[in-house]
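# Working through the structure, step by step
So the chains spell out like this:
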Amino acid sequence: MGTAERRSAPRADGARLTGHRGLGAAERGIREAGAEPSGQESGFPDHEAGRGAREQRYHRPLWVEEPARRRRLPDPVRTAAVRAVLLIAVTLIQAMVAFLCAMAGSWLAFPMVISSVVSTIAATWGALDVWVTRQVWNQRHGVVSVPSSTARALRRERRRTRRQERAAERAHGRIRRRGGAGQLSHS
């Protein structure tokens, strides 16, 4: 029995298959009634004939969609990450070629060492670019992780102005309801 059959597998009728599955009462009833050929008549062993009947009764999907554990990276951060991975890959290839040229005593060893040093600096810049781009995106789009976040201050300011506007509207509405035409007192 495969791993998927031991785990909880969904069935077509909405029920879930859990644990080790043997022949249920319904399957035994089908087998006894003769609706399913026995292993000797079909040329297959008995356990394979039972499995064929189970596969016909419900269709188990090839895979089960699982929700993502984390949200997808924003586009600018993802492009910076791809750029950094490419730079790091090229740097590693250059370093390997420089090492092999040095071991072989080739004239190409010195230029490759110089280019791999430059490439290492570029790869470091690429990795830092991912971090900086992520921080900038978080600051601009309101993903707050630190108390000093710009997004949090902007939200606080917007809330304060909305509160003041609502308070002014309520005060103005009260004055109108009391019948005063813009007066604050009836003297």
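Residues numbered from 1 in each chain as written. Predicted model: local features only at pLDDT ≥ 70, side-chain atom pairs only at ≥ 80, totals over all residues. Heavy atoms only, no water.

All right, on to a positive patch on the surface then. A grouping of Arg155, Arg156, Arg158, Arg159, Arg162, Arg163, Arg166, Arg170, Arg174, Arg176, Arg177 and Arg178 is seen on the molecular surface, where their side chains present a positively charged patch. Inspection of the secondary structure assignment puts Arg156 in helix H7 (residues 150-177). Residue classification places Arg156 among the partly exposed positions, given a relative accessible area of 41%. (Patch = residues over 30% accessible without salt bridge, like charges linked within 9 Å, V, L, I, M, F, W, Y side chains within 5 Å. Areas by Shrake-Rupley, 256 points an atom, 1.4 Å probe, with all protein chains shown as cover. Salt bridge = Lys/Arg side-chain N within 4 Å of Asp/Glu carboxyl O. Lys, Arg positive; Asp, Glu negative; His and termini not counted. Charge placed at Lys NZ, Arg CZ, Asp CG, Glu CD. Helix = DSSP H or I, 4+ residues; strand = E, 2+ residues; numbered from the N terminus. Buried < 20%, exposed > 50% of the residue type's maximum accessible area, 1.4 Å probe, protein only.)

Right, let's get into the confidence of the model for the protein. Confidence in the prediction for the protein averages 76 pLDDT; 60% of positions are at 70 or higher. For the protein, helix H3 (residues 39-42) is the element with the lowest average pLDDT, namely 47, and helix H5 (residues 75-104) is the one with the highest, namely 95. This stretch, residues 30-42, has a pLDDT under 50; its non-local contacts, to residues over four places away or in other chains, come to 17 contacts. (pLDDT = per-residue confidence, 0-100. Contact = heavy atoms within 4.5 Å.)

What follows concerns the environment of Val113. Inspection of the secondary structure puts Val113 in helix H6 (residues 109-141). Through-space distance from the C-alpha of Val113 to that of Ala95 is 7.0 Å; in sequence the pair is 18 residues apart.

A few words on H6. With 33 residues, H6 extends 47 Å between its outermost C-alpha atoms, agreeing within 8% with the 48 Å of an ideal straight helix rising 1.5 Å per residue. Those residues of H6 not exposed but buried are Ala109, Met112, Ser116, Ser119, Ala123, Gly126, Asp129, Val130, Thr133 and Asn138. Buried residues belonging to H6 abut H5. Positioned one or two residues after H6, Gly142 has a phi angle of 80°, which is positive. (Expected span 1.5 Å × (residues − 1).)

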